[in-house]
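In case you want the letters, here they are:
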Amino acid sequence: MRPVPHLMSLADLTAAQIHWIIIHAHYLKQTSLPWLAPQAAAPGTSAALYKKPPPLRMPSQSLFNKSIALLFSKRSTRTRVAAETATVLLGGRALFLGREDIQLGVNESLRDSARVIGGMCEGIFARVGAHEEIEELAQHSPVPVLNALSSLWHPTQVLADLLTLHEHAQLFSATPNESGFAPSAPTPTQHVRGKGKLPRLPPLRPLTVAYVGDSANVLHDMLVTYPRLGHTIRVASPENEKYRAPKPVWDRLVQLGIEKDIFWTADPREAVHGADLVVTDTWISMGQEAEKEQRLKDFQGYQVTEQLCREGGAKPDWKFMHCLPRKEHEVDDEVFYGPRSLVFPEADNRKWTIMALFDLLFGKWDLLEQKKDILPDGATIPKASS
Ligand SMILES: NC(=O)OP(=O)(O)O
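Residues numbered from 1 in each chain as written. Predicted model: local features only at pLDDT ≥ 70, side-chain atom pairs only at ≥ 80, totals over all residues. Heavy atoms only, no water.

Another aspect to go through is the site of the ligand. Close to the ligand lie Ser 76, Thr 77, Arg 78, Thr 79, Arg 127, His 154, Gln 157, Cys 323, Leu 324 and Arg 350, which account for all nearby residues. His 154 is positioned with one of its side-chain polar atoms (N or O) 2.9 Å from an oxygen atom of the ligand. Between the ligand and Cys 323, the relevant distance is 3.0 Å, taken from a nitrogen atom to a main-chain nitrogen or oxygen of the residue. In isolation the ligand has 260 Å² of accessible area, and contact with the protein removes 94% of it. Looking at the shell around the ligand residue by residue, the classes come out as two nonpolar, five polar and three charged. Both domain 1 (6–33 + 62–155 + 349–362) and domain 2 (157–172 + 202–346) contribute no fewer than three residues apiece to the shell around the ligand. (Near = heavy atom within 4 Å. Polar contact = N/O pair within 3.5 Å; in protein donor to acceptor, adjacent residues only side chain to side chain. Areas by Shrake-Rupley, 256 points an atom, 1.4 Å probe, with all protein chains shown as cover. Nonpolar A, V, L, I, M, F, W, Y, C, P; charged D, E, K, R; others polar. Domains from an automatic or database assignment.)

Attention now goes to the nonpolar core. Burial of nonpolar side chains together is a common tendency in soluble globular proteins. Counting 70 residues, the largest nonpolar core has Phe 125, Leu 165, Met 222, Leu 223 and Phe 358 as its most contacted members. Looking at which domains feed residues into this core, each of domain 1 (6–33 + 62–155 + 349–362) and domain 2 (157–172 + 202–346) gives three or more. Once residues within four sequence positions are removed from consideration, Phe 358 is found in contact with Leu 63, Ile 68, Leu 70, Ala 83, Thr 87, Leu 90, Phe 125, Leu 146 and Gly 363. Among the nonpolar cores identified, the runner-up in size contains 24 residues, and Ala 314, Val 335, Val 343 and Ala 347 belong to it. (Core = buried A, V, L, I, M, F, W, Y, C linked by side-chain atoms within 4.5 Å. Buried < 20%, exposed > 50% of the residue type's maximum accessible area, 1.4 Å probe, protein only. Contact = heavy atoms within 4.5 Å.)

Time to look at the pattern of salt bridges. Scanning all chains against the criterion turns up 15 salt bridges. Close ionic contact of Asp 12 with Arg 252 constitutes a salt bridge, the shortest N to O distance being 3.1 Å. Note that Asp 12 is positioned in the segment before helix H1 (15–36) and Arg 252 in helix H8 (residues 247–256), a separation of 240 residues in sequence. Under the relative-accessibility criterion, Arg 252 is labelled partly exposed at 21%. (Salt bridge = Lys/Arg side-chain N within 4 Å of Asp/Glu carboxyl O. Helix = DSSP H or I, 4+ residues; strand = E, 2+ residues; numbered from the N terminus.)

And the structure:
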């Protein structure tokens, strides 16, 4: 009997498996978008004379006739909409089960809920409070459990960020960084698993990524991922220990042998030095509303602005990402709505990366078993710089 695969954090995957998900998400996006476009004009009409409809390839139907439970004990826009729409494209049905809808946590234990829901659904995508809750769901679920956000990790967000960076690779100048890596010439198409030629996932050169803000779940998955994909990461958070990564995250970094690759400072200007990409996130996570006043004081000077990045010495063509929802104290309008911002393509890509995970983890169960080191034709992972 195959062990039930679960995914709690990108720390659970090899660099090759992470890269494989990005390639697969890109493939699913390319095959699905034509199905979502307005219907082509009927043959013989004048519009049809000018525009040939695109060739349609069916995306994977690995969730055909299957149901996925979206077990959300916290609010969500992007993760929920991405999960529901991705499940439709894979041929399945998503059941949104919010905290007001089911017995979970109020009248029934996590253990019993996991067993019951897993007996009727083929996957559980769970957004929880304390990380231990999702660990307990996974321990007792007969079907795969995927983390939709917990107190420690937010793996699906960082996958969307990576897909977005690859898609915008041309915006980052091609100068090799200290590791000496120079990107190979991009090939316009790639063969994907006997499905013919599709636009190739653009290769991404190693970037210097600066994170300015609280040490929360998105940053934690960035920390365990970016150095293994060859990127440099620089973090600024206020001096207080509560704004630094907690022990379970450092333990995973040590386990992966990348703890020395993380540069951490309390000075946001120092963090953005040499940055290709500047990232921030909420200063007040769900459940921390009572600390709002103190946090706003502690994060004074952390707002991402043109001035901060200029004074800190970010690269002239630096770009900006934020997982959303955003507050103006974290990043001003000039950056957020300006030409440096990738935030909306980043939000769109939540759908394609969640679709890839649903396909590989819920539909096929082969994410953790295979493709540890093997990538599709022509794909490469940048060499880590240390
Ligand atoms: N970024 C993110 O997780 O958004 P939601 O909370 O709206 O799902």
